[in-house]
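Chains, contacts and geometry: an overview
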Amino acid sequence: DPNWAFVGNALIDDLLMSAFNNGISISGMADSIRISNYHFIFYGLTGDAAIGGGQMDIFNDPDTVGLKLFGRIDDLHLHNTLFISGTHMRILGNSDPAVAPIGSPHVNITNCWFDGRNGIDMDAGNVSVTSSFFSRISPGSRSIRLTGGKLRVGSCNFWSFAANVPMVETESAGTMTNLL
């Protein structure tokens, strides 16, 4: 697309952070991106991690996202990462060139821990998750919420404090999920 300058071949390694809204937001990558040893946690925030209050209420909101992937992303590798936040990953496609590069993310996730609330929220893309851990602390959260795209999950552990609530939720007939 002539309106977007595609970049790539990026490495983010050994990053510890907390943020309000988005930790890392990526769109328009035309080459490999590697994110390793990324910890998105409540580092240096006011309030109590267990009961909330102060800045922890903002950090734990579902709109706070540790890694947002939007539009065309040709090849992203995420590994050895810990997410503790309102929503850990949001994976979105795009069909409006005025907003972001047209396309959807292609992502490979290994050895990651999606701890606490909403793990992966995905509406487009081609994503593979292996050797990772999903935990959930509240009945209103989902480990994986899939409304579009193709998702393959293998050799992962799912654990929940909440009983009788699905860990993986699909909301669209057009989605494909393989749980191995």
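Computed from a predicted structure; not experimentally measured. (Residues numbered from 1 in each chain as written. Predicted model: local features only at pLDDT ≥ 70, side-chain atom pairs only at ≥ 80, totals over all residues. Heavy atoms only, no water.)

Here we come to the packing of aromatic side chains. This model, assessed by the stated rule, comprises seven aromatic pairs. Taken together, a centroid distance of 5.2 Å and an interplanar angle of 85 degrees make the contact between Trp113 and Phe133 edge-to-face. One end of the pair, Trp113, is in strand β7 (residues 105–115); the other, Phe133, is in strand β10 (residues 133–136), and 20 residues separate them in sequence. For Trp113, a relative accessible area of 38% puts it in the partly exposed group. A relative accessible area of 26% places Phe133 in the partly exposed class. Put simply, the rings of Tyr38, Phe40, Phe59, Phe83, Phe114, Phe134 and Phe158 touch in pairs and so form one group of aromatic residues. (Phe/Tyr/Trp six-rings, centres within 6.5 Å; stacked < 30°, edge-to-face > 60°. Helix = DSSP H or I, 4+ residues; strand = E, 2+ residues; numbered from the N terminus. Buried < 20%, exposed > 50% of the residue type's maximum accessible area, 1.4 Å probe, protein only.)

Quick look at the pairing of strand β4 (residues 65–70) now. For a regular strand, side-chain orientation follows a simple rule: the groups alternate between the two sheet faces. Of all six residues in β4, five are buried, a share of seventy percent or more. By the bridge criterion, five bridges tie β4 to strand β6 (residues 87–92) in an arrangement that is parallel. Note on β6: the bridge partner recorded for Val65 is Thr87. (Pairing = 2+ DSSP bridges.)

Next up on the list: unusual backbone geometry. Despite not being glycine, Asn21 shows a phi value in the positive range, around 80 degrees. Mapping Asn21 onto the fold places it in the loop between β1 (10–17) and β2 (22–26). Phi angles above zero are rare outside glycine, and Ser155 is one such case at about 55 degrees.

A few words on the environment of Gly119. Its place among the elements puts Gly119 in strand β8 (residues 118–122). Its relative accessible area of 2% is what places Gly119 among the buried residues. Counting along the chain gives 15 residues from Gly119 to Phe134, while the straight-line C-alpha distance between them is 6.9 Å. Beyond its immediate chain neighbours, meaning those up to four positions away, Gly119 contacts His88, Met89, Phe114, Arg142 and Ser143. (Contact = heavy atoms within 4.5 Å.)

On to the sheet that holds β4, then. On the basis of which strands lie adjacent, the open sheet formed by six strands has the order β2-β4-β6-β8-β11-β14 and parallel pairing. Edge positions in the sheet fall to β2 and β14 (168–170), since each of these pairs with one other strand and no more. Sheet twist, expressed as the average angle between the axes of neighbouring strands with direction ignored, equals 10 degrees. (Axes fitted to C-alpha atoms, helices over the stretch in contact; angles between N-to-C directions.)

Let us now look at the nonpolar core. Counting 34 residues, the largest nonpolar core has Ile26, Met89, Ile109 and Ile120 as the members making the most contacts within it. With five residues, strand β3 (residues 29–40) is the largest single contributor of residues to this core. Contact partners of Ile26, with chain neighbours within four places excluded, come to Ile33, Ile35, Leu67, Lys68, Leu69, Phe70, Ile73 and Leu76. (Core = buried A, V, L, I, M, F, W, Y, C linked by side-chain atoms within 4.5 Å.)

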